[in-house]
Amino acid sequence: MGPLVSLLLLLLTPAAVPGHGQVHVQSSRGDTGLVPALRLRTEQADNAAQYAGYQVLRVNVDSNGTLDLLRTYEDRPGVDFWTPISPLVPTVDVMVSPDVRSELTRRLKDSGGSYGVNIGNVQDAIVRQNPIPSPFYLELLEGRQGYQLTWKAYHRLAVHHQYMDYVEHEYRGLCSTFSIGISTEGRNVKGIRCGLGEREIWIDGGIHAREWISPAVVSYLVKDFSATSYKEQDILKAFTIYMIPVLNPDGYEYTHTGRRMWRKTRSRTPGSSCVGADPNRNFGYHWGEAGTSTNPCSDVYPGSRPFSEPETRGVRDFLLQHKNKMEMYISFHSYSQMLFVPYGHGTERPSDYDELLRVAQKGAAALQAAGGPAFRVGQASRLLYAASGGSDDWAKAKANIKYSFTFELRDKGFNGFLLPSSLIEQSGRETAAAVKAMIRAIL
Ligand SMILES: [Zn+2]
């Protein structure tokens, strides 16, 4: 949208509401205000260029031979598995460089395997995913509504932080910001609590950096529990809801400025040139078992020890301090359209599995009733793959949080991690319906 169009739109919409003053981003280490949007555009262009010629293939895994073939590509440069190599699912999505593409497709054909193409041009999909509004428009927006966040684009960390500051300022007495610590690179792991109740709920997003729909959906929940809180009085009187949109701020920023497909944290591993640990393999319950790799260059490297990452330590310390009040834990990921119930490290089930399943099914039903797609409900270890050291398993087993869930948000691979920003609003609306139904199921 050009500046002139933006200006016209502004003139056609209601004037700034009195009291909606500008809330400036607080300066803290590594979070020194809004990055000029102009620079952001250049960075995105650089970022996209890294994936020139890359494609995302969907490989059919109807035989063990194909699974074994795919395993030989694990940890190879130019290969990025978007879904796990697992005998539980009929297909595996993998992003490949042009070189790997010709080799892999030839070997698949030779061995009688087959594949389709999910994304024919990753670079184009990156650019298309998130058309960035002009800096002029964002400034107008901030003047009008008090913050730059929209649910029409994916935003930088500072914009998420600015929005939480705005909500705290505007809904004083209902919502206030908090922090669970500082990331490896010095960014604030910031959240906002809303509600007046004694009972507590935890919601986090963005633990995996590239899953951009997750922070966007959590910020949508923040809006629902503040701007339209009058509709949710039953929930907000009983509960206080702690929400962290971007749990892995270093990784998230890196997906905007460095590599779009980054997943892990940005910590340094002694003795390796590879960076980061998978924060959702870093929790201290069945740490380092199924679905992890001891290779620090792997995307599922669980860290050098449980809770090696400051971001996961922050969650651990906060949840243990709230051990007797916290009743529900929800973590947001993408993609697959699934809603996981513990445990994920193996097929073992908690004794109250049926009760958790009841609540999750209410969520999935509400999501669909709000116009969303069908979500499969069950254990990750049975629906997708076993993965150990996950936050939801730890929350259930070690932090004593009865209702612990993980969402894998839209879509099912057509766009994968590159879900267009035009789908944020609908994803937010349907997911908020699910979360509220789940909370009401335990009210
Ligand atoms: Zn994830």
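(A) Region of interest: the state of the cysteines. Evaluated as defined, the whole model comprises two disulfides. One disulfide in the model links Cys175 with Cys194; its S-S distance is 2.2 Å. Here Cys175 and Cys194 share a disulfide; its torsion about the S-S bond, 115°, makes the bridge right-handed. Placement of the pair is Cys175 in strand β5 (residues 175–182) and Cys194 in strand β6 (residues 188–195), with a sequence separation of 19 residues. On the accessibility criterion, Cys175 (4% relative accessible area) is buried. By relative accessible area, Cys194 is classed as buried at 0%. Across the disulfide from Cys274 sits Cys297; the S-S distance is 2.1 Å. Here the disulfide of Cys274 and Cys297 is right-handed, its torsion about the S-S bond being about 90°. Linking Cys274 in the loop between α10 (249–257) and α11 (310–321) with Cys297 in the loop between α10 and α11, this pair joins segments that are 23 residues apart in sequence. Looking at Cys297, the relative accessible area reads 41%, which means it is partly exposed. For the protein chain, the bonded cysteines pair up as 1-2, 3-4 when numbered in the order they occur along the sequence.

(B) Focus on the environment of Ala153. In this fold, Ala153 is placed in the loop between α6 (135–145) and α7 (157–170). Take Ala153: its relative accessible area is 5%, and that puts it in the buried class. Taking the C-alpha atoms as reference points, Ala153 and Ser421, separated by 268 residues in sequence, lie 5.1 Å from one another. The residues contacting Ala153, other than those within four sequence positions of it, are Asn130, Pro131, Pro133, Ser421 and Ile424.

(C) Focus on the coordination of the zinc ion. Protein-derived ligands of the zinc ion are His208 (ND1), Glu211 (OE), Glu211 (OE) and His333 (ND1), with the metal-ligand distances lying across 2.1 to 2.3 Å. Counting gaps between the donor residues of the zinc ion yields the pattern H-x2-E-x121-H. In this pair, Glu211 sits in the loop between β7 (199–204) and α8 (213–224) while His333 sits in strand β9 (residues 326–334), placing the two residues 122 residues apart along the sequence. Glu211 sits in the buried class, given a relative accessible area of 3%.

(D) Molecular detail of empty space enclosed by the protein. Evaluation of the coordinates by the stated rule reveals two cavities of 30 Å³ or more. The computed volume of the second largest cavity comes to approximately 50 Å³. Forming the walls of the second largest cavity are Leu149, Thr150, Trp151, Ala153, Tyr154, His155, His160, Trp212, Pro215, Ala216, Ser219 and Tyr252. Ranked by the residues each element gives to the lining of the second largest cavity, the list is headed by α8, at three residues.

(E) Molecular detail of the nonpolar core. One finds Ile203, Ile241, Met328, Phe405 and Phe407 to be the most contacted residues of the largest nonpolar core, which totals 58 residues. When residues no more than four places from it in sequence are discounted, the contact partners of Phe407 are Ile330, Ser331, Phe332, His333, Met338, Leu339, Leu367, Phe375, Ala434, Val435 and Met438. In terms of nonpolar packing, the next biggest core, distinct from the first, is built from 21 residues, Val189, Ile207, Leu247 and Ile401 among them.

(F) The arrangement of the pattern of salt bridges in detail. Counted by the stated rule, this structure contains 24 salt bridges. Its salt-bridge partner being Glu253, residue Arg156 comes within 3.0 Å of it at the nearest N-O pair. Of this pair, Arg156 sits in the loop between α6 and α7 while Glu253 sits in helix α10, placing them 97 residues apart in sequence. Residue classification places Arg156 among the buried positions, given a relative accessible area of 7%. Overall, Glu253 belongs to the buried group, its relative accessible area being 9%. The shortest N-O distance in the salt bridge between Arg210 and Asp299 comes to 3.9 Å. Of the two residues, Arg210 sits in the loop between β7 and α8 while Asp299 sits in the loop between α10 and α11, which places them 89 residues apart along the sequence.

(G) Structural view of the sheet that holds β5. Strand order across the open sheet formed by eight strands is β5-β6-β8-β7-β9-β12-β10-β11, with mixed pairing between neighbours. Looking at strand neighbours, the two that pair on one side only are β5 and β11 (376–378), the edges of this open sheet. Neighbour-to-neighbour, the strand axes of the sheet open up by a mean angle of 20°, direction not taken into account. When β7 meets strand β8 (residues 239–244), the two strands line up parallel, connected through six bridges. Counted as the bridge partner of Ile201 is Ile241 from β8.

(H) Inspection of the sheet that holds strand β4 (residues 115–119) at higher detail. Read across the open sheet, the four strands follow the order β2-β3-β1-β4; overall the sheet is antiparallel. What marks the edges here is a single partner per strand, and that holds for β2 (79–81) and β4. Neighbour-to-neighbour, the strand axes of this sheet turn through a mean angle of 30°, independent of strand direction. Summarising the sheet, strand β1 (residues 55–60) and strand β3 (residues 91–96) pair through six bridges and their orientation is antiparallel. Bridge pairing in β3 places Leu57 opposite Val94.

Conventions we followed
Residues numbered from 1 in each chain as written. Predicted model: local features only at pLDDT ≥ 70, side-chain atom pairs only at ≥ 80, totals over all residues. Heavy atoms only, no water. Disulfide = S-S within 2.5 Å. Helix = DSSP H or I, 4+ residues; strand = E, 2+ residues; numbered from the N terminus. Buried < 20%, exposed > 50% of the residue type's maximum accessible area, 1.4 Å probe, protein only. Contact = heavy atoms within 4.5 Å. Donors = N, O, S within 2.8 Å, 3.2 Å for Na, K, Ca; no water. 1 Å grid on protein atoms, 1.4 Å probe; cavity = no way out; pocket = protein on both sides within 12 Å on 5 of 7 lines; lining within 4 Å. Points joined across faces, edges and corners; volume = space filled by probe spheres on them. Core = buried A, V, L, I, M, F, W, Y, C linked by side-chain atoms within 4.5 Å. Salt bridge = Lys/Arg side-chain N within 4 Å of Asp/Glu carboxyl O. Pairing = 2+ DSSP bridges. Axes fitted to C-alpha atoms, helices over the stretch in contact; angles between N-to-C directions.

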